[in-house]
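Chain residues, written in single-letter form:
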Amino acid sequence: MPTRDYPLEKVRNFGIIAHIDAGKTTTSERVLYYTGSQHKIGEVHEGETTTDWMEQERERGITITAAAITCFWARTDEPDKKSLDKKYRFNIIDTPGHIDFTVEVKRSMRVLDGAVVVFDGVAGVEPQSETNWRYADEAAVPRICFINKLDRMGASFEKSFQSILDRLTKAAVRMQLPIGAEEKFEGVIDLLQMKAFKFEGEMGSEVVEMDIPENHRGDASMYRAKLIESIVEHDDQLMTDYLDGKEPTQEQLKATLRRAVIANKIFPVYLGSALKNKGVQLVLDAVVDYLPSPLDMPPVKGIDPKTGEEIFRTANDQEPFCALAFKLQADPFVGQLTFFRVYSGTVEAGSYIYNSTTGQKERLGRIVRLQANAREEVKKVYAGEIAAAVGLKDTKTSHTLCDEAHPIQLEQIKFPEPVISLRIEPKTKADQEKMGLALKKLGDEDPTFRVSTDNETMETLISGMGELHLEILVDRMKREFNVEATVGTPQVAYRETIQQRSEAEGKYIKQTGGRGQYGHVRLRIKPLEPVVEGKKISKNITREDHFEFINSIKGGVVPNEYIPAVEKGVREAMERGIVAGFRMVDISCELYDGSYHDVDSSEIAFKIAASMGFQDAAKQARPVILEPIMRVEVVVPEKFMGDITGSLSSKRGSIEGVDERGLARAIKAKVPLAEMFGYTTALRSMTEGRASFTMEFDHYEMVPQTVAAAIIAARK
Ligand code: GDP
C-alpha cells in the first residue's frame, strides 16, 4: 500500500478568480509571501529583506503566472505552525482574468475544487465578475468571496456585499465586519468567533487579537445572529436546538458551514486590503475550513475507449492511474511544462504512461511542483494532486494520461473550431524563422489557435476564437518571441460547399513537340452529410471537414500510379473554393472513368486534370458560401432587455430564449459571427457597461443571397 507524502484531506486545489484590477496579483503575492514565510521558518534567508524577495519575484514573474503553484499553510491560530502535519498543501491554479478566454476560464474551472473570488471594495460586483461567477455556477465550484481594497477612498464593505446579494447570489453571508474604513481601515471582526484582529509586523504577517471596539459591538452581535441563522438552516438538528434556545458549538457551526459551502448553498464573504496587508491570512484560514479537499469531490467520469462504457474514478491512490493534462506552459528553465491533475491512482517520475487521447505511450521524465521561489523535484504524484511534467512531447492540453492496462478517457474539454482569421507577415527573413517557431509554440499551448498557409499567396494565416484572442496571441508573439510582423485585419473564416450531385470531365492534354502532357478523368461529386460530434445534421458542420474520395476505376483506364495524384488535385481545388475562394467542405468525389497515354501521362498532368474536372463539376452543383453562426449569451439588467433583443435581431440573429440569472436576464441567441465584430463596444454603450456577453461557435450555415453577393464582391 503506497504511503502518501501528504494526507489528501489536507490538500486544497483552488483558484483565485477576479475581475481585472480587483487585486488578484496583489492578493496572490501576499498569499505567496505569507505561505512562503511560514515555509521558510528555520531556513537560512538572512539579509534578504521582504521587499527584495518580492522584487525578484516580480522580475522573474514566473510563479504568479504559473498554471499551478504549490504552497503550505497552517491556520493562524495554530500554535505549532512549524510542524508539517499542521500544514495544509495549497495548489493554487491560475485562472485568466479576461472573460474573452472563455475556453481558458472553463478549462481552469475543470481542475480546481474551489475558488476565492476577489472583488474591488469600491466598484463591488462588475460585469466580468458576473460572467466568471456564472462559469463557476455551471461547474458548481464552491466559492469564498474576498472584498478587497477596503482602504481605498470610497470603499464600502456594505455596498459591495449588497452588490453580491443583488447581482450574484442571495446565499452570500457576512463572515466578518470591517473596523474602520478607507484610510482608517484597521482590522476585522470575525463574527463566528466574535473576535477582532489587526495585522502587525513585517507585511502585516502577525495576526494580533484585539478587543472588539465598543462602537462595533452592536452590529457585530446582530450580524453574528444572522450568520448563525443562515448556518443552522442547513442542519435539521442544529436548527431544532437553535430554536430551542441552544447555541450550537463552534465546531458544529463550522462543520455545517463547510458542508453548505461545498454544496454551493452558502458563499462566505471575507474582507480586507491586500495592498495594506490586512485580512489575507484569514481568507487562507477560510480556504482550509470551508473549501473542499479532493476527497470531498464527486468521482470523475470518463469512458472506456474500447467499449465506450462510462467509468467513474475516485481520488484514491489504490485505483488505476488517470490524469488530465490541463495546461502547457513554456518555462524559462526547463522548457515545456505540462500541468496535470491526477484524478485516481499514482504516477512516478521516469515511468511510461499511456495517452488515451492519442493512443501513444510516453515517458514521463521529471515531475516538478512550482513553489514561490523554487522548483521542487517530485518522485511520485498521488491521487487528487497537481504537478507538472517536464519533457512530454505529444501530450497536449485536455489529453487524458492513464494506465495502459486500465484505459480511460476523461471527458474532453471541448474546443470549438476557430472562426476568425488574419494574415500575418514577418518583417524580415530572420523574423520569418522566429515566427514559425513562435506560432508552433503558441499553437501547442492553446488548442483553439491554428496556423495555416494560404495556398495562393503563400501568406501565413492564423485563426482563433475572436478578435481579442488573436490580438493577444500576436502581442505575445511580438513580446515573448521578439518577432516583428505586419498583421492584417480579422476576417470571418467562411467556407463553401455544394448542394447537389453533378459530374464533369477534366482533360489536360498538351502534345506540341517533345514530350507532351496527358491527363484525363471523369468525376462525380455529391454533398456529404456533415458530421457533428458523431451525430449527423444537415447543412451544419461543427467538426472535422468531411471529404471522401472514391476510386471506382475498372480495367486500369486510369493507371493505379496516378490515382493519388487525382485525389491530390481534387483536394487542392477544394482548398481554393469556387464561389469566393474559401475552403470547400463536405463533398464526396468519385473517380469513375478517364484515359491515359503511354508516354505523355504523368502525375502532374492527372493532378491538373482532376483539379479542372472538380471545379467544373462543383460549378454545376449549386455551390454556396457557409458562415459560422455563434451561440451568444448576453447578461443584462432587465431594463435593457428590449434594446438587446432588438440589436441582436437586427444582426440577423435569432433569439432562442431568456433565462433569469439572479436579478439579471440572460438572453440566448444565435447570430452570424460576421455581425458580431465590435459588439463589446456597442454593448457597453447600450447598457452603461452593465452587460456582459459570451460567444461560442455553434455551427456553419449557408449565407443568404444578398450577403453572399457582398462577400463575393469584397473578394474581387
Ligand atoms: P489584478 O489586475 O486583479 O491582478 O490587480 P492588481 O493586484 O494588479 O491590482 C490592481 C491595482 O490595484 C494595483 O495598482 C494595485 O496596487 C491596487 N490594489 C490591489 N489591492 C489593493 C488594495 O487592497 N488597496 C488598494 N488601495 N489598492 C490595491
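Residues numbered from 1 in each chain as written. Predicted model: local features only at pLDDT ≥ 70, side-chain atom pairs only at ≥ 80, totals over all residues. Heavy atoms only, no water.

### Some points on the overall build of the protein
Argument step 1. Along the backbone of the protein there are 16 helices and 40 strands.
Argument step 2. Dimensions of the protein along its principal axes, counting C-alpha atoms only, are 105 × 60 × 55 Å.
Argument step 3. Out of the 716 residues in the protein, the part that is buried amounts to 53%.
Argument step 4. In the protein, of all internal contacts separated by at least 6 residues, the share reaching a separation of at least 24 is 73%.
Argument step 5. For the protein, the accessible area works out to roughly 32200 Å², and carbon and sulfur atoms hold 49% of it.
Argument step 6. Across the protein, 95 positive and 110 negative side-chain charges occur, with their mean positions spaced 3 Å apart. (Helix = DSSP H or I, 4+ residues; strand = E, 2+ residues; numbered from the N terminus. Buried < 20%, exposed > 50% of the residue type's maximum accessible area, 1.4 Å probe, protein only. Contact = heavy atoms within 4.5 Å. Areas by Shrake-Rupley, 256 points an atom, 1.4 Å probe, with all protein chains shown as cover. Lys, Arg positive; Asp, Glu negative; His and termini not counted. Charge placed at Lys NZ, Arg CZ, Asp CG, Glu CD.)

### Digging into the site of the ligand
Argument step 1. For the ligand, the set of nearby residues contains 15 residues, the closest of which are Asp21, Lys24, Thr25, Thr26 and Asp151.
Argument step 2. Here an oxygen atom of the ligand and a backbone polar atom of Gly23 are 3.0 Å apart.
Argument step 3. Contact between the ligand and Lys24: an oxygen atom at 2.7 Å from a main-chain N or O atom of the residue.
Argument step 4. When isolated, the ligand has an accessible area of 570 Å², and the protein chains bury 73% of it.
Argument step 5. When residues in the shell around the ligand are grouped by element, the largest group, 3 residues, is from helix H1 (residues 24–40).
Argument step 6. Looking at the shell around the ligand, its residues break down into 4 nonpolar, 6 polar and 5 charged. (Near = heavy atom within 4 Å. Polar contact = N/O pair within 3.5 Å; in protein donor to acceptor, adjacent residues only side chain to side chain. Nonpolar A, V, L, I, M, F, W, Y, C, P; charged D, E, K, R; others polar.)

### Quick word on the sheet that holds strand E36 (residues 587–595)
Argument step 1. The strand order E31-E32-E36-E35 describes an open sheet built from 4 strands, whose pairing is mixed. Taken across any chain shown, the strands that pair with only one partner, and hence form the sheet edges, are strand E31 (502–510) and strand E35 (547–551). Sheet twist, expressed as the mean angle between neighbouring strand axes with direction ignored, is 25°.
Argument step 2. Bridge count for strand E32 (residues 517–527) against E36 is 8 bridges, and the pairing is antiparallel. When the bridges of E36 are listed, His520 appears paired with Ser595.
Argument step 3. Across the sheet, helix H12 (residues 563–576) lies against E32, E35 and E36, angled at about 150° from E35, the strand it touches most. (Pairing = 2+ DSSP bridges. Axes fitted to C-alpha atoms, helices over the stretch in contact; angles between N-to-C directions.)

### As for the pairing of strand E8 (residues 187–190)
Argument step 1. Along E8, one buried face is formed by Gly187 and Ile189 and the opposite face, lined by Val188 and Asp190, is buried too.
Argument step 2. Pairing of strand E7 (residues 176–179) with E8, which is carried by 4 bridges, proceeds in the antiparallel orientation. Following the sheet pairing, Gln176 is matched in E8 by Asp190.
Argument step 3. Judged from the 4 bridges that link them, E8 and strand E9 (residues 195–200) form a sheet pairing that is antiparallel. Bridge pairing links Val188 to Phe197 in E9.
Argument step 4. In this antiparallel pair of consecutive strands, E8 and E9, the connection spans 4 residues, and Met194 shows a positive phi of 50°.

### With respect to the packing of aromatic side chains
Argument step 1. Throughout the structure, instances matching the rule amount to 9 aromatic pairs.
Argument step 2. Centre to centre, the rings of Phe157 and Phe161 are 6.0 Å apart; their planes meet at 25°, and the pair counts as stacked. With Phe157 and Phe161 both in helix H5 (residues 157–167), this residue pair falls 4 residues apart, about one helical turn. Residue Phe157 shares its accessibility class with Phe161, and that shared class is buried.
Argument step 3. Between Phe326 and Phe339, the aromatic rings sit 6.3 Å apart at their centres with planes inclined by 50°, giving tilted as the arrangement. One end of the pair, Phe326, is in strand E14 (residues 322–331); the other, Phe339, is in strand E15 (residues 335–344), with 13 residues separating them in the sequence. Taken as a pair, Phe326 and Phe339 share a single burial class, namely buried.
Argument step 4. The residue whose ring lies beneath Lys10 is Tyr88, and the NZ or CZ to ring-centre distance is 5.9 Å. (Phe/Tyr/Trp six-rings, centres within 6.5 Å; stacked < 30°, edge-to-face > 60°. Lys NZ or Arg CZ within 6 Å of the ring centre and 35° of its normal.)

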